[in-house]
Amino acid sequence: MKKMNYKPKILKLSYLKEEARNHESLFSDYMADFIKENPKYKKQLDQMEEGYNSNIKEEKKYKKHKDIKKLYRRISKVTHPDKSKSSFLESIFVQSTKDYKNNAMASLFATAVTLNIDVSDLDIEEILDRMDSEITTYEKSIKNFESSFPWRLANAKTQEEKDFIMIQIDILLGDIE
């Protein structure tokens with residue numbers, strides 16, 4: 001098997017994963033501020049969020065990769081709190097456990113490569129395809145956050161921009177009191 005350079009993909013995945021986490025945190029703050037200032041929209045927004053969350057669950061339902069358990073065990077041998085007293089490695093163990101439960105093979109692969117764990121016997125091509133899929137998912141997630149009304153409202157530069165966004169929100173959600 002030829003040696004592949006997957007480091008650029010791993011770096012991109014890691015960056016986008018962190019960026020999506022930051023966006024999710026900011027979005028939560030923006031949404032809380034929006035609801036505090038506009039409580040009349042809370043019910044509609046809660047219903048929209050329920051639909052969004054069920055769509056995410058549907059997207060994540062795909063077959064477990066045949067090598068995921070093998071890879072998770074290799075990472076655990078190095079990072080498990082009983083094996084290592086490092087808080088850094090413990091945080092990697094916690095994240096790897098989440099990745100395993102979420103069937104995030106590409107993230108586990110990235111962790112293994114970063115920790116210099118042997119991956120030569122794994123189906124690298126399929127893992128890289130999964131990595132492309134995870135990258136696309138994170139990119140879509142970031143775009144969705146940035147195109148949301150709370151995000152756009154929080155980042156509007158002028159009052160005119162804010163007024164225009166509020167008109168769009170009124171049209172979409174209805175001006176209900």
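Anything mentioned here points back to the structure above.
Analysis parameters
- Residue indices follow the written sequence of each chain, beginning from 1 at its first position.
- Whole-chain, interface and lining totals are the exception, using all residues; otherwise, since this is a predicted model, local features are given only for residues with pLDDT of at least 70 and side-chain atom pairs are given and counted only at 80 or more.
- Neither water nor hydrogens contribute to the side-chain values; these are computed over all heavy atoms in the structure.
- The axes are straight lines fitted to the C-alpha atoms, using for helices just the contacting stretch, and the angles between their N-to-C directions are given from 0 to 180°.
- Helix numbering and strand numbering both begin at the N terminus, where a helix is a DSSP run of H or I of at least 4 residues and a strand a DSSP run of E of at least 2.
- Put simply, angles under 35 degrees are roughly parallel, angles over 145 are roughly antiparallel, angles from 65 to 115 are roughly perpendicular, and the rest are oblique.
- Note on convention: the crossing is left-handed when the near helix lies turned anticlockwise from the far helix by less than a right angle, right-handed when the turn is clockwise.
- Residue contacts follow a heavy-atom distance rule, with two residues in contact if any of their heavy atoms lie within 4.5 Å.
- Throughout this description, the term nonpolar core refers to a set of buried Ala, Val, Leu, Ile, Met, Phe, Trp, Tyr and Cys residues connected via side-chain atoms within 4.5 Å.
- For the exposure calls, accessible area comes from a 1.4 Å probe over protein chains only, and a residue counts as buried if that area is under 20% of its type's maximum, exposed if over 50%, partly exposed in between.
- Classification of ring pairs rests on two measures: the distance between centres of Phe, Tyr or Trp rings, Trp counted by its six-membered ring, which must be within 6.5 Å, and the angle between planes, read as stacked under 30 degrees, edge-to-face over 60 and tilted in between.

So, the packing of helix H4 (residues 87–101) against helix H5 (residues 105–114)
Running from N to C, H4 and H5 point in directions that differ by 150 degrees, and their axes come no closer than 8 Å. Accordingly, the angle class assigned to the pair H4 and H5 is roughly antiparallel. Crossing of H4 over H5 shows left-handed handedness. When H4 is examined against H5, the residues Ile92, Ser96, Asp99 and Tyr100 are found in contact with a partner set consisting of Ser107, Leu108 and Thr111.

Describing the nonpolar core
Formed by 27 residues in total, the largest nonpolar core has its most connected members in Leu71, Phe109, Val119 and Met131. For this core, the secondary-structure elements that each account for two or more residues are helix H1 (7–37), helix H3 (68–79), H4, H5 and helix H6 (124–147). Tallying contributions element by element places H6 first for this core, with seven residues. Other than its neighbours up to four places away in sequence, valine 119 contacts Tyr6, Leu71, Arg74, Phe109, Ala112, Val113 and Ile124.

Some points on the packing of aromatic side chains
This model, assessed by the stated rule, comprises five aromatic pairs. Ring centres 5.2 Å apart and planes at 45 degrees place the aromatic pair phenylalanine 27 and phenylalanine 145 in the tilted group. With phenylalanine 27 in helix H1 and phenylalanine 145 in helix H6, this pair connects stretches of sequence that are 118 residues apart. Each member of the pair, phenylalanine 27 as well as phenylalanine 145, is classed as buried. With centroids separated by 5.9 Å and ring planes inclined at 10 degrees, the aromatic side chains of phenylalanine 34 and tyrosine 41 adopt a geometry described as stacked. For the residue pair phenylalanine 34 and tyrosine 41, the accessibility class agrees, reading buried in each case.

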